[in-house]
Amino acid sequence: MGFWNEKHPEAITSKSVSTEPLRAAPSRNSQYSLPDYEKKDIAYKKRIRIFRLITRILSLITNAIVVGTLSFTLAKYYLTKNKVIEGNVHPWITPTTLWPSLMLLGMAAATFLLNAITLCCYCRGVNSANKAASVTTIAGYVFLAIHVTAWIVVAGLYRWGRTGNDLWGYSCSDKADAIQEQVKSFLDFGKLCTMQQGTWFVSIIEAVVYLLTFIVTVWMMKRASTKRKIGKIRESMSMETGYAQNLEMGTMHNQRHGKKYMPLSG
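Scoring rules and cut-offs
Residues numbered from 1 in each chain as written. Predicted model: local features only at pLDDT ≥ 70, side-chain atom pairs only at ≥ 80, totals over all residues. Heavy atoms only, no water. Helix = DSSP H or I, 4+ residues; strand = E, 2+ residues; numbered from the N terminus. Buried < 20%, exposed > 50% of the residue type's maximum accessible area, 1.4 Å probe, protein only. Contact = heavy atoms within 4.5 Å. Disulfide = S-S within 2.5 Å. Patch = residues over 30% accessible without salt bridge, like charges linked within 9 Å, V, L, I, M, F, W, Y side chains within 5 Å. Areas by Shrake-Rupley, 256 points an atom, 1.4 Å probe, with all protein chains shown as cover. Salt bridge = Lys/Arg side-chain N within 4 Å of Asp/Glu carboxyl O. pLDDT = per-residue confidence, 0-100. Axes fitted to C-alpha atoms, helices over the stretch in contact; angles between N-to-C directions. Left-handed = near helix turned anticlockwise from the far one by under 90°. Nonpolar A, V, L, I, M, F, W, Y, C, P; charged D, E, K, R; others polar. Phe/Tyr/Trp six-rings, centres within 6.5 Å; stacked < 30°, edge-to-face > 60°.

Caption draft 1: Representation of unusual backbone geometry. Following Thr-94, the chain continues into Pro-95 via a peptide bond in cis, with omega recorded as -5°. Unusually for a residue other than glycine, Asn-88 sits at a positive phi of about 55°. Tracing the chain through its elements places Asn-88 in the loop between helix 2 (34–80) and helix 3 (99–122).

Quick look at the structure:
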C-alpha cells in the first residue's frame, strides 16, 4: 500500500520563511524609521556639546571680568582708605559698606573656578568634561536652578546695595567728585565708577547666560525621548528576528523528519 500523504521536501521548502534580513521599518505610530531617529540623536548630541562649550566659555569670560574689576576696586579701597587728605578726612566714606562687592566677588570667583575646571577637562575629552560638569554642579539640574537664582539675586542685591555708602555708590557720588582733585595722585573715582557700573551689567549678562543653559536641558530631554524610541525599535526588531529564526529552524526540522501517514481505507 502506498503512502498517499507523504510530505515532500518541495512542498515544505515552498513554505519556508524568507531569510532576508529585517529592515528598520517605520513604527506604526511614527513617521520616522530607526536611521531617522539615530540621525536626530546625533544632531541633539552635537548641539548639546557645542552649546555647553559656548556657554562655559562665555561664563568664564564674564566671571573673569567681574573678578578682575571688583578685585581692583577692593584693592584700591584697602590701599587708600587710611590716607588723609585736606581737612583731615579720609578719601572714602566711613563706615564703608563692603558686603555687596564681596558677595558678587565671591559668587563670580566660585563660578569662574567651576567653569575653569570643566573647560580644562575638555582638553582631556568630552567624557571627562561631562563628568567634571556633573561633579562641579553638585546635583545637576537642581544646582543649575539654584545657580541661576543665586546670580539673579546677587546681581539685584548688588544694585540694591548701592546706597552711597558702598564702594560703587560712593565712587559715583557727588562727594567723590568734590574731592577728586585732592586724590587724583592715587585714586580715580570716575574710573572706579565706570568699572563697577560695567560690573553690574556683566553680572546681568552672566545670569542670562545661565538662563540659556536651560535650552540644553530641553535638548537633553528631547534626546532622552529619542533614545527611548530607538531602544523600542531595536527591541522590536530583535524580537521579530528571533521569531523568524525560530520559525525557520522549526521548518528545517520538519523537513528532515517528515512524518508519513497511512491513507484512510475506502
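Caption draft 2: Spatial organisation of the side chain of Thr-199. Topologically, Thr-199 is positioned in helix 9 (residues 189–256). The exposure class of Thr-199 is buried, given its relative accessible area of 1%. The contact partners of Thr-199, leaving out residues within four places of it in the chain, are Val-66, Thr-69, Leu-70 and Leu-104.

Caption draft 3: Representation of the state of the cysteines in the model. Applying the stated criterion across every chain, the model contains one disulfide. In this model, Cys-172 is linked to Cys-193 through a disulfide, with the two sulfur atoms separated by 1.8 Å. Residues Cys-172 and Cys-193 share a disulfide whose torsion about the S-S bond is about 110°; that sign makes it right-handed. Taken as a pair, Cys-172 in the loop between helix 6 (167–171) and helix 7 (174–178) and Cys-193 in helix 9 lie far apart in primary sequence, 21 residues in all. Cys-193 sits in the buried class, given a relative accessible area of 18%.

Caption draft 4: Just a nonpolar patch on the surface, in detail. On the surface, Leu-53, Ile-57, Ile-61 and Ile-65 cluster together into a nonpolar patch covering about 310 Å² of accessible area. Tracing the chain through its elements places Leu-53 in helix 2. We classify Leu-53 as partly exposed; its relative accessible area is 34%.

Caption draft 5: Molecular detail of the confidence of the model for the protein chain. Considering every residue of the protein chain, the mean pLDDT works out to 75; 69% of them sit at 70 or more. Here residues 1–29 scores under 50 on pLDDT; set against residues more than four positions off or in separate chains, the count is 31 contacts. Segment residues 260–266 is flagged for pLDDT under 50; beyond a separation of four residues in sequence, or across chains, it makes ten contacts in the model.

Caption draft 6: How the structure looks around the pattern of salt bridges. Inspection of every chain in the model, using the stated rule, returns one salt bridge. Lys-184 is paired through a salt bridge with Glu-181; the nearest N and O atoms lie 3.4 Å apart. For Glu-181, a relative accessible area of 58% gives the class exposed.

Caption draft 7: Just the packing of helix 2 against helix 3, in detail. Relative orientation of the contacting elements helix 2 and helix 3 amounts to 140°, with a least axis distance of 8 Å. Where helix 2 crosses over helix 3, the handedness of that crossing is left-handed. Looking at the contact of helix 2 with helix 3 residue by residue, the class counts come to 17 nonpolar, seven polar and three charged.

Caption draft 8: Layout of the packing of aromatic side chains. For the structure shown, the criterion picks out nine aromatic pairs. Centroid distance Trp-92 to Tyr-170: 5.9 Å. Interplanar angle 40°. Geometry classified as tilted. Of this pair, Trp-92 sits in the loop between helix 2 and helix 3 while Tyr-170 sits in helix 6, placing them 78 residues apart in sequence. Aromatic side chains Tyr-158 and Trp-168 sit 5.1 Å apart centroid to centroid with 15° between the ring planes, which places their arrangement in the stacked category. Residue Tyr-158 is located in helix 5 (residues 141–160), and its partner Trp-168 is located in helix 6; the two are separated by ten residues in the primary sequence. Trp-168 shares its class with Tyr-158; the two are buried.

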